[in-house]
Amino acid sequence: MACGRLVSEIHFVCCMVGPSCQESSCQGGYRFSPDLPSGGKILAVNGHPIERQPNQWQTAALLLAMLVPVLLSLNLLADLPFHHDEALYARWAWLIASGQNVWLAETPIDKPPLFLYTLAAALRLLGPSETAARLPSLLATMATVGLTFRLGRRLYGPDVGLLAAWLTALSPFTVMFAPTALTDPLLTALVLAGCAAAVEGRLGRAGVWLGLAAATKQQGLLFAPLPLALAAAVYLPRMTPRQTGWGAVRYTAGLAAVQAAALAWDAARHQSPGYWQLSAINYGGLSLETGAVGERLHDFLALLGYAAGSPVLVWLFAAGLPVLVGGAGWRYFRARGRPGDQGETRLGDPIGSPLLVLYAAGFLLGHAVFSFQVWDRYLLGLVPLLALLLARLLFLPWEAVQASGVLAGPERRRMGYAVYVVGLSLFLAWTMARPVQDAFYGRYPLGSHSQALRGIEQTVAFLQAHYGANTTLFHRWLGTHWRFYLRDYPYDLQFWESPLDLARRARPGHLIAFPSWQSETEARLALQARGLTLVEIHRAYNPAGYPSIVLYRIGRLGIGD
């Protein structure tokens, strides 16, 4: 038995270092994974490999897929001004990077530290700019595409994994969130890293990745059950209760260790309330929304429809999902019915697909039942999971052809597979060409999408050229933007709560800016009651030629400029 195991492990090593591990090369052998809790669990039995290594063409296609969202995002990278939250995070990160407040001591923040320090590193390296602040999300998006392939390869094989990587790369969600300074692209990459580590049997490492995800954004904890469930689905039938318990302990310990470090950092800042409490305050807490579940679920699903962009793919996914889940269940019970056959099929088929569907459905329903804001960013983490399911679904017809026996012989199967892949590629190119083009030009209401503030750089340039130190600039809607864009100029930024508050505090020579979606009428009337008026001094325009921001100087009523 010892000799047999030694031969099997040598065979496994040969398969792993070769260009690809084909089914024919594993006939009659076992393949072990030495990184599992048991020290070596069977991953393939009697010619049924769970995972096949990618060949050189697949590797090249994967690298290209990782570059695609970056190339498609370049049009938006420096073209769109910051979203409110982007400006806020960039401001906090610049306090760190510039050395003004490295620990954000006594600074009220409602986010964990990891993303802020990642952003600070980019600003420190490249200088404070929109492009530099968005660089971490670009890199995280590349990692997300690669990790989608890695997870898909483990669950379904490299063919499905590669297609899922391309579907993720071309998704309007991916293209429009990549050029943002928001937390969610990094969160998604870290969650996928945890899932990939879990299905590889590295549960301690998976816990650390999920801990880092939660240290990026609190919502990372909502994904914490997923890696553990994937690991249980893949390895539980082959593990003893002791090994199962030890794996869960390792996962929990890894997650808890990172969260403890984040909480220790928060406590050391001497800021009360901490980021968890302030987040709950700013968000307004969570409550049950049982009376509007249907409406809220519809709104979330409408946003999620942009994941593919193509209505054809959306309907195909909706129609094929019951087939995918039902077929997976049939294969699972069929395998259980054959003695000694457990684990001989790819586990992603009978177990992984229903598990991903169940998790995505629970995630959406939970967001609809509770009072989460209907925001696109909350759904970004589901995009790679849905891409895996869609890719698996798109390969079902080919597997049906193989099972029918129409293509006899390896040459005919290779030719048939090539024809199927070309046809599938042409179909996807036809269905996704317009969505990708719309995402490239930022036509979807996703990501930053700060069209209303395009032109803010014109106002910033005017202020810096014509007004010096200690100039008072009143703000109400754009305070976070001014604090970042005017960070090196000592302006006196004053928030006004109401027109009466503005009239009481304003003095001739003070400045005030109104975005195009806000009227200045009430403020003008309140100022006139105090003998003051608004004198327009600058107007910024968006690329369409419409005003975006109007800048006024407060003057005395009846006195010319």
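Refer to the structure presented above.
If you're wondering where the values come from, they're calculated on a predicted model, not measured in any experiment.

J.: Just to check I follow, could you spell out unusual backbone geometry for this structure?
T.: Trans is the common state for peptide bonds, and a negative phi is the common state for residues other than glycine. At the junction of Ser272 and Pro273, the peptide bond is cis and its omega measures out at 0 degrees in the coordinates. The backbone of Glu106 sits at a positive phi, close to 60 degrees, despite the residue not being glycine. Relative to the assigned elements, Glu106 resides in the loop between α3 (84-97) and α4 (113-126). Positive phi outside glycine occurs at His270, with the angle close to 55 degrees. Relative accessible area serves as the criterion here: at 64%, His270 is assigned to the exposed category.

J.: When you look at helix α11 (residues 241-268) in this model, what are you seeing that I'm missing?
T.: The α-helix winds at 3.6 residues per turn, so residues separated by three or four positions along the chain end up facing the same way. If you check α11, its first and last C-alpha atoms are 40 Å apart, about what 28 residues at 1.5 Å a residue would give, namely 40 Å. Along α11, the residues classified as buried are Gln243, Gly247, Tyr251, Gly254, Leu255, Val258, Gln259, Ala262, Trp265 and Asp266. In the segment just after α11, His270 is the residue with positive phi, at about 55 degrees.

J.: Would you take a moment to explain the nonpolar core for this structure?
T.: Across soluble globular proteins, nonpolar side chains show a tendency to be buried alongside one another. Counting 142 residues, the largest nonpolar core has Leu167, Leu356, Leu379, Leu463 and Trp482 as its most contacted members. Among the elements that take part in this core, helix α8 (residues 184-199) stands out by supplying 11 residues, more than any other. Non-local contacts of Leu167, meaning those with residues more than four positions away in its chain, are made with Ala387, Leu390, Ala391, Leu394, Leu428 and Met432. In terms of nonpolar packing, the next biggest core, distinct from the first, is built from 15 residues, Ala506, Phe514, Ala523 and Leu532 among them.

J.: Would you explain the pairing of strand β7 (residues 532-541) in this entry?
T.: For a regular strand, the rule is simple: side chains alternate between the two faces of the sheet. Counting buried positions over the 10 residues of β7 gives 7, a clear majority of the element. Sheet analysis places β7 next to strand β8 (residues 547-556), joined by 9 bridges and oriented antiparallel. Paired with Ala540 across the bridge in β8 is Ile549. From the end of β7 to the start of β8, which pair antiparallel, there are 5 residues, and Gly545 there has a positive phi angle of about 95 degrees.

Reading the values: rules and limits
Residues numbered from 1 in each chain as written. Predicted model: local features only at pLDDT ≥ 70, side-chain atom pairs only at ≥ 80, totals over all residues. Heavy atoms only, no water. Helix = DSSP H or I, 4+ residues; strand = E, 2+ residues; numbered from the N terminus. Buried < 20%, exposed > 50% of the residue type's maximum accessible area, 1.4 Å probe, protein only. Expected span 1.5 Å × (residues − 1). Core = buried A, V, L, I, M, F, W, Y, C linked by side-chain atoms within 4.5 Å. Contact = heavy atoms within 4.5 Å. Pairing = 2+ DSSP bridges.

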